[in-house]
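# Reading the structure
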Amino acid sequence: MVKNLATSRQNKGDITEDSVSVFPKLDELTLNSVPELTEQIREQITSVATLENFNTFADSNFLPQKLQSTPILLAAPENFNPALRVTPKPISPPPQKLPPTTNKPEQPPLVLESIQTGFRSELSNSEQQNQIIEPVFQFRLLNGQKIRLKTGLNTFNQPGFESITNIPFQVGWEGKTGKYTIQANAGIDVFNRLPTALNFNAQIDRQIFVNFTPTYQLKSGLFLSALVEQSPYKFNAKTLENQITALRSGLNVYWQIDPNTSFFSLYRIGLYNDDNFEQQSFSRLEHKWGKFWLAANLFTWKYANDRQDMSGYFSPHDFLVYNGEIGWGGDIFSFLNCRLNTTLGQQQLNGKTTGVNSYQTRCTAKISPNIDLDLGYGFSNVRNLDTGDSSYNNKTFTGQLQVKF
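Rules behind the numbers
- Residues numbered from 1 in each chain as written.
- Predicted model: local features only at pLDDT ≥ 70, side-chain atom pairs only at ≥ 80, totals over all residues.
- Heavy atoms only, no water.
- Helix = DSSP H or I, 4+ residues; strand = E, 2+ residues; numbered from the N terminus.
- Buried < 20%, exposed > 50% of the residue type's maximum accessible area, 1.4 Å probe, protein only.
- Core = buried A, V, L, I, M, F, W, Y, C linked by side-chain atoms within 4.5 Å.
- Contact = heavy atoms within 4.5 Å.
- Phe/Tyr/Trp six-rings, centres within 6.5 Å; stacked < 30°, edge-to-face > 60°.

### Overview of unusual backbone geometry
If a residue is not glycine, its phi is most likely negative; likewise, a peptide bond is most likely trans. A positive phi angle is found at aspartate 275, which is not glycine, with a value near 70°. Mapped onto the fold, aspartate 275 is located in the loop between strand E10 (261-272) and strand E11 (277-289). Of the residues examined, aspartate 275 reaches a relative accessible area of 66% and is grouped as exposed. Positive phi, normally seen in glycine, also occurs at asparagine 350, with a value near 50°. If you trace the backbone, asparagine 350 turns up in the loop between strand E14 (336-349) and strand E15 (352-368).

Encoded structure:
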């Protein structure tokens, strides 16, 4: 499931902030860039796809919220709503070229841009708890390319298994060539009582077309993204104990139909080292009216074999979730922006249909001009375990502290 991809002070049509997705930075969302205004647009789209708010249909990488630097273990239906994403600041027009100056100050070759620390705690009624704390250090080179360093302290607790502690180390690079933006990350996962494992992920984004309003809002556009990733499957303590790894690849499509209407869709295939194969897809159509939005979500997930008992992860032969969503987002105070949403729909697991609902809330406080604190809570009864006829409830606490330099 999408375990691992943001907030908004403005309409999604507004080109706004930087992201790094979770486990959804995805977290991560994830899509393309525009040559001149590349970064903000792509990061906005990434946050949509960042299934951290794919605690949001969303989060290992998608939504994420936007803990973009973590691999995208996309799919977690309990993360059904990608609308609670952290939005960037509005873009201003491209700076005008100034005449060369003779006394140009010398710049250091590597500049620390930001430190973004993401927190996520998931608790289900099966007493399974995962807690993720991962800081990301982002640096900018003189040529505009970016270097990211990620580490963290993650714990996985599950009845019947000794607790597992994980410390990830990952180095990432991001650069642009023409209309393409390329990201590549690689590193290791160190565990307190398990062998060290390798991880990597790569992504390439491209705009197909893009149109702006006179005030530099995204009027319409089409963006494509392709990605691949491999890492330990951090679903729970049992999957780590069994040393399950997953190789996933897929495509994302983001279509800004008009300033208030957007469509997002993704498709993933996954190969597991226990000889399992998965397919998952997610589609979302959303329309905004001022500070309110309505959306329709559709998620499908299927595996060749059910390995829940043997390997420990939810692996249904046939799983379908569809729902309707309503949400609101806006400023409560000049320094506090909040978003909240609720969904209602149906889930079908191996032919059996039950009702499904969720709600989420997320607030961003501006502590200072360079420091933002983001806190969120979500509840969902969308399954990520087959518990038979018993009900399934999942509670998620998320947080993000971002310091810009």
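### Examining the nonpolar core
Core analysis: the biggest nonpolar cluster contains 22 residues, and Tyr233, Tyr272, Trp301, Tyr313 and Phe319 have the highest contact counts within it. Broken down by secondary-structure element, the contributors of at least two residues to this core are strand E8 (218-232), strand E9 (245-258), E10, strand E12 (292-303) and strand E13 (319-333). Dropping the residues within four chain positions of it, tyrosine 272 is found in contact with Tyr233, Ile244, Thr245, Ala246, Arg248, Glu278, Tyr303 and Tyr313.

### Here's the deal with the packing of aromatic side chains
Taken as a whole and judged by the stated rule, the model has 17 aromatic pairs. Here phenylalanine 264 and phenylalanine 282 contribute two aromatic rings whose centre-to-centre distance is 6.3 Å and whose plane-to-plane angle is 50°, an arrangement assigned as tilted. With phenylalanine 264 in strand E10 and phenylalanine 282 in strand E11, the pair connects residues that are 18 residues apart, well separated along the chain. What makes phenylalanine 264 buried here is its relative accessible area of 1%. Ring geometry for tyrosine 359 and tyrosine 377: centres 6.2 Å apart, planes at 50°, overall tilted. One end of the pair, tyrosine 359, is in strand E15; the other, tyrosine 377, is in strand E16 (residues 371-380), and 18 residues separate them in sequence. The exposure class of tyrosine 359 is partly exposed, given its relative accessible area of 40%.

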